[in-house]
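If you want the building blocks of each chain, they are given just below.
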Amino acid sequence: MACGLSLIFGVLRIINFAHGAVMMLGMYATYWLFTLGGIDPYVSIVLVGPLFFLVGMLIQRVVIEPNRFAAEHNQLLLTLGLALFLENLALVLWQGDFRTVRPRYANASFVLGEALVEVPRLVACGGAVVMALALFAFLRRTDVGKAIRALAEEPEGALLMGIDVRRIRAVAFGIGSGCVAVAGALVTPFFYVAPDVGESFNIMAFVVVVLGGMGNFVGALLGGFIVGLAESLGATLLPGSLKQLVVFALFVLVLLFRPAGLFGGGRGR
Amino acid sequence: MDAVTKRFGGLTAVSRFSLTVGAGEIVGLIGPNGAGKTTVFHLLSGFHPPTEGAIRFKGASIVGAKPHAICRRGLARTFQIVQPFVNLTTLENVMVGAFNRTDEVAAARARAVEVLDFVGLGARRDAPARELTLPDRKRLEMARGLATRPELLLLDEVMSGLNPTEIEEIIGLIRRIHAQGVSLLIIEHVMRAIMALSQRIVVLHHGEKIAEGRPEAVARDARVIEAYLGEDA
Amino acid sequence: MVAEVLGGVALGVLLIAPPFLPPYFLEILISVLLFAYLGSAWNILGGYAGQFSFGHAAYFGIGAYTSTLLFLRLGVSPWLGMVAGGCLAAAFGLGAGYLSFRYGLRGPYFSLVTLAFAEMLRVVAVNTKAVGSSLGLVIPSREAAPWSFIFGGKLPYYYVILAMALGAVWITRRLERSKLGYSLRAIRENEDAAEAAGVDALGMKLRAMALSSFLTALGGTFYAQYFAYIDPTITFGPAVSIQGLLQAIVGGAGTVLGPLVGSFVLTPISELSRAAIRGRAGVDVMVYGLVLILVISFLPNGLMGWVRRRRA
């Protein structure tokens, strides 16, 4: 999730508030595929990923590209508007009830030493790592990937080198959206589906991306682990949902003191 | 400035640089591109702290002071790429500078009008700043600095992008500013302008002072010539 | 001239018409004015100083909880509690602002931090029994007690919020013509150039923050007294933050009448959309999202901003 967000930031230089909303849509897509078509969530990734890649490109083309010269804070508001629109569209269409995707293995778990490991969560974790690595390889090896990196680093240079900047921007947003939708699919076996799930994930994604360094993909992965750990630690130390405070506190501290992220490589202030 | 060094990470932008501007002087600062001239301005105006060395203004150290505090003490600057407040009118732009010396809106407005007339922008007073031409924007930048009643004004390449007629006008304006008792430190690439205006010239190359003296002497200095020619080659 | 006359007429209508309006319209008007008020408060920091806070709910919540707790636990009149809440919010705002500005947070980073602060407060409130956690707080008794900011009917509430909204507009106008106003606008345009011209950016931004947060908190108290129920999600949640900034952005950030105009345009739109598609929650916010996208795309300076440009 954070990798996608980082990618979008790196190339388009916008902080995409609608990221969580796309994930939520990905989750709904998975839900409908499962409920209506009996397609296993993990299998539906094959459909969900590319679908939301296209959706992402469409969003970028229609909403974001025309405003690419707007002031930074306006672009932020733009994605906020998008998030509001998408989240509430879901609310209107599908109402606010929680829905769940419960494949046969939803409760599968095994014991590893002292810990109880739930299979779906493990798969989600593994899936995330695989995706991150795939993304990394894609950026390094393929032409499109290199074009994306070029654009992220040196927008004017990329333009001069004949790279179709508009297309690459759309592609980057598409990839980011596809990633986050897949993340949504991976999460459905153990997380409820509702219009507002995007919000909680959104904030987490931002925290991870800032921690890892905006635009730093490896950092995003590592940041994800750190945030997850921090939240779990917080859960053991603090009662109730106060564990979120630990994550937020971390977020604020990083923003204040190391806005380029713990691993650097990101844009600072 | 006394033996000031400024390092950015591994890059030494300015090295053991010393410079003095006396009251009422016009000093020119020249050097090939990338020599560190604008960095010197950032150091003087408080935008960057020096890594080493001392900076004193009117006898007191200003190292670590914030830009607005330095401005209040009487040191104002312009920016190489003009930075007008585009959504404010010309008058409002200058009023921001005038507020440096007063809390009253009426007083600030009066001072701003006065300064705008002085620099020749009186007629464009109520125009939004975004509608001004480049030469006018340069005047606006200088007016805003002047409104703060500086004793020392730093001008950063105010002539860049201007045609010869406009350059002559700005030279005249700078002379009038000087006549008002303002000391000036000027960065410039337009050689004849800076030669004509400066009483003394300091030459910066790769962050180090390589020459200092009267304009004619500096123009003939072999090291200076080599620095400029070497850059072109 | 035309503008002044129109304004006078509008004001007259606002003052005189309400007693004759059906309750439904009165309710809507109260909502309009409350959002306009919140928008104006946000506008001081967001529109004039250019610091877009996404977490103004923090101050709204502090105001609401402070006055309510003082009232329920200590019997302090919410009129006084309002001021206390405002001061507390201003203190919090100064603290948060100082941290953010001192460490140079600008633009989106500042927005994210404000969001984080608001969320942190929400989480704390949810987990604190003493303030009612997720169940929230209820203000009992609907017997009129004017000295305790409880009225029998809606009309008095209307006049209170009208006064607050007009007050906020007046404060904004005074601000615009003051040294602080000029300084803030310069900071918004170009903070570095402003500093170079002698503007104490940190000090000015903090002033704007204190004023903005104080006013927002007063709005929180009004909400608590009018709706008689508050909980962490309503008061500290993103909805409030977004409502405030939406009015200002759509109406024109950085203008005096912007938030007022924005609210008079947005609130009816939201009501209409809710009426048009009955029974489905979220239609109004969906429309808000759409409006926001459209406004940013075509009228980035908001309605009043567009008017101003046309005039100039």
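This part takes up the overall build of chain A. Along its length, chain A carries 11 helices and 2 strands. Secondary structure elements of chain A occur, N-terminal to C-terminal, as α-α-α-α-β-β-α-α-α-α-α-α-α. The globule rule puts the C-alpha radius of gyration for 269 residues at 18 Å, and the 18 Å found for chain A is close to it. Once the C-alpha set of chain A is aligned to its principal axes, its extents read approximately 55 × 45 × 35 Å. The proportion of buried residues among the 269 residues of chain A is 49%. Partitioning the contacts of chain A with sequence separation of at least 6, the portion at a separation of at least 24 is 74%.

The number of helices and strands found in chain C is 14 helices and 2 strands. Counting every position in chain C, which comprises 312 residues, the buried fraction comes to 57%. In chain C, 76% of the contacts between residues at least 6 apart in sequence involve partners at least 24 apart.

Residues and elements named next belong to chain C. Among the structural elements, Thr114 can be located in helix α5 (residues 107-126). Taking the C-alpha atoms as reference points, Thr114 and Ile296, 182 residues apart in sequence, are found 21 Å from one another. Residues in contact with Thr114, not counting those within four places in the same chain, are Ser53, Phe54 and Gly55.

Here the focus is the interface of chain B and chain C. Many descriptions give the size of an interface as the accessible area lost when the pieces come together. At the interface, 24 residues of chain B touch 19 residues of chain C. Listing elements by their share of the side of chain B that touches chain C, those giving two or more residues are α2 (67-73) and α3 (90-98) of chain B. Looking at the side of chain B that touches chain C, its residues break down into 11 nonpolar, 7 polar and 6 charged.

It is worth spelling out the sheet that holds strand β10 (residues 200-205) of chain B at this point. Residues and elements named next belong to chain B. If you walk across this open sheet you meet the 6 strands as β7-β8-β9-β3-β10-β11, and the pairing is mixed. A single partner strand is all that each edge strand has here, and the edge strands are β7 (75-77) and β11 (208-213). Pairwise comparison of adjacent strand axes, ignoring direction, gives a mean angle of 20° for this sheet.

All names here are of chain B. The buried fraction of β10 is high, at 5 of 6 residues. Judged from the 4 bridges that link them, strand β3 (residues 26-30) and β10 form a sheet pairing that is parallel. Paired with Ile30 across the bridge in β10 is Val203. Note: β10 against β11, 5 bridges, orientation antiparallel.

Further remarks concern helix α10 (residues 217-237) of chain A. Residues and elements named next belong to chain A. For α10, built from 21 residues, the straight-helix expectation of 30 Å at 1.5 Å per residue is met to within 8% by its first-to-last C-alpha distance of 30 Å. Among the residues making up α10, those that are buried are Phe217, Gly219, Ala220, Leu221, Leu222, Gly223, Gly224 and Val227. Tucked into the core, α10 has its buried residues touching α1 (2-12), α5 (119-141), α9 (197-212) and α11 (243-257).

Moving on: the pairing of strand β2 (residues 115-118) of chain A. Residue and element names in this part refer to chain A. As paired strands, strand β1 (residues 109-112) and β2 are joined by 4 bridges and run antiparallel to one another. The residue of β2 that forms the bridge with Val111 is Leu116. Hairpin geometry of β1 and β2 is characterised by an intervening segment of 2 residues between the two adjacent antiparallel strands and by a positive phi of about 65° at Gly113.

Listed per partner, the contact involves 36 residues of chain A and 34 residues of chain C. Secondary structure elements with two or more residues in the side of chain A that touches chain C: α4 (72-94), α9 and α11 of chain A. Split into classes, the residues belonging to the side of chain A that touches chain C amount to 25 nonpolar, 9 polar and 2 charged.

Turning to the arrangement of the chains, a few remarks are in order. If you rank the 2 pairs of chains in contact by how many contacts each has, first place goes to chains A and C. Contact between chain A and chain B is absent, and the minimum C-alpha spacing across the pair is 13 Å.

Let's shift gears to the packing of helix α2 (residues 19-37) of chain A against α9(A). Residues and elements named next belong to chain A. One can describe the packing of α2 onto α9 by two numbers: an axis separation of 7 Å at closest approach and a directional angle of 130°. Between α2 and α9, the angle is such that the two are oblique. For α2 against α9, the interelement crossing comes out right-handed. Touching His19, Gly20, Ala21, Met23, Met24 and Met27 of α2 are Val197, Gly198, Glu199, Phe201, Asn202 and Ala205, all from α9. When the residues that make up the contact of α2 with α9 are grouped by side-chain class, the tally is 7 nonpolar, 4 polar and 1 charged.

Mapped onto the elements of the fold, B:Ile81 is located in the loop between β7 and α3. The spacing of B:Ile81 and B:Thr51 is 30 residues in sequence and 25 Å in space, taken between C-alpha atoms.

Another aspect to go through is α5(C). Residues lying three or four places apart along an α-helix face the same way, a consequence of the helix completing one turn every 3.6 residues. The end-to-end C-alpha distance of α5(C), which contains 20 residues, comes to 29 Å, matching closely the 28 Å that a straight helix rising 1.5 Å per residue would cover. Of all 20 residues in α5(C), 18 are buried; the element is thus mostly enclosed.

Next up on the list: the packing of α3(B) against helix α5 (residues 134-147) of chain B. Angle between the axes and distance between the axes are the two parameters that describe a pair of packed helices. Residues and elements named next belong to chain B. Viewed as axis vectors pointing N to C, α3 and α5 meet at an angle of 30°, and their least axial separation amounts to 6 Å. Judged by the twist between their axes, the crossing of α3 over α5 is right-handed. Contacts from Thr90, Asn93, Val94, Val96, Gly97 and Ala98 of α3 reach α5 at Leu140, Ala143, Arg144, Gly145 and Ala147. Its residues placed into classes, the contact of α3 with α5 shows 6 nonpolar, 4 polar and 1 charged.

Moving on, we get to the nonpolar core. Core analysis: the largest hydrophobic core is formed by 262 residues, its most contacted members being A:Val207, A:Phe251, B:Ala143, C:Tyr37, C:Ile161 and C:Leu292. The residues contacting B:Ala143, other than those within four sequence positions of it, are B:Val94, B:Val115, B:Leu116, B:Val119 and B:Leu121.

Moving on, we get to the confidence of the model for chain C. In this model, chain C carries an average pLDDT of 87, and 99% of its residues clear a pLDDT of 70 or more. Confidence metrics for the complex model read pTM 0.86 and ipTM 0.85.

Further remarks concern unusual backbone geometry. Its identity as a non-glycine residue notwithstanding, B:His206 has a phi of 55°, on the positive side. Within the secondary structure layout, B:His206 lies in the loop between β10 and β11. At C:Ala228, a residue that is not glycine, the phi angle is positive and equals roughly 60°. Here C:Ala228 lies in the loop between α9 (201-227) and β2 (229-230).

Across chain A, the average pLDDT comes to 77, with 94% of residues at or above 70. Counting interchain partners and residues more than four positions distant, the pLDDT-below-50 stretch residues 265-269 of chain A has 21 contacts.

What counts, and at which threshold
- In this convention, every chain numbers its residues from 1, walking through the sequence in written order.
- Lettering of chains starts at A and numbering of ligands starts at 1, both following the order in which they are written.
- Since the coordinates come from a predicted model, pLDDT governs what is reported: local features require at least 70, and pairs of side-chain atoms require 80 or more to be given and counted, while whole-chain, interface and lining totals use all residues.
- Helix and strand assignments come from DSSP, with helices taken as H or I runs of at least 4 residues and strands as E runs of at least 2, each series counted from the N terminus.
- A radius of gyration in this sense is built from C-alpha atoms; the matching globule rule multiplies 2.2 Å by the number of residues raised to 0.38.
- For every residue, the other C-beta atoms within 10 Å of its own C-beta are counted; 20 or more classify it as buried, 12 or fewer as exposed, and values in between as partly exposed. C-beta atoms are placed from the backbone.
- With C-beta atoms placed from the backbone, a contact is any residue pair whose C-beta atoms sit within 7 Å.
- Side-chain classes are defined by residue name, with Ala, Val, Leu, Ile, Met, Phe, Trp, Tyr, Cys and Pro counting as nonpolar, Asp, Glu, Lys and Arg as charged, and the others, Gly among them, as polar.
- When DSSP finds two or more bridges between a pair of strands, those strands are recorded as paired.
- A fitted line through C-alpha atoms represents every axis, and for helices the fit uses only the stretch in contact; the resulting angles, taken between N-to-C directions, go from 0 to 180 degrees.
- Expected span of a helix, by definition, is 1.5 Å for each gap between consecutive residues, and there is one gap fewer than residues.
- The scheme is simple: roughly parallel for angles under 35 degrees, roughly antiparallel for over 145, roughly perpendicular for 65 to 115, oblique for anything else.
- Note on convention: the crossing is left-handed when the near helix lies turned anticlockwise from the far helix by less than a right angle, right-handed when the turn is clockwise.
- For the purposes of this analysis, a nonpolar core is taken to be any set of buried Ala, Val, Leu, Ile, Met, Phe, Trp, Tyr and Cys residues that are connected through C-beta atoms within 7 Å.
- Each residue carries a pLDDT score, the predictor's own confidence in it, on a scale running from 0 to 100.

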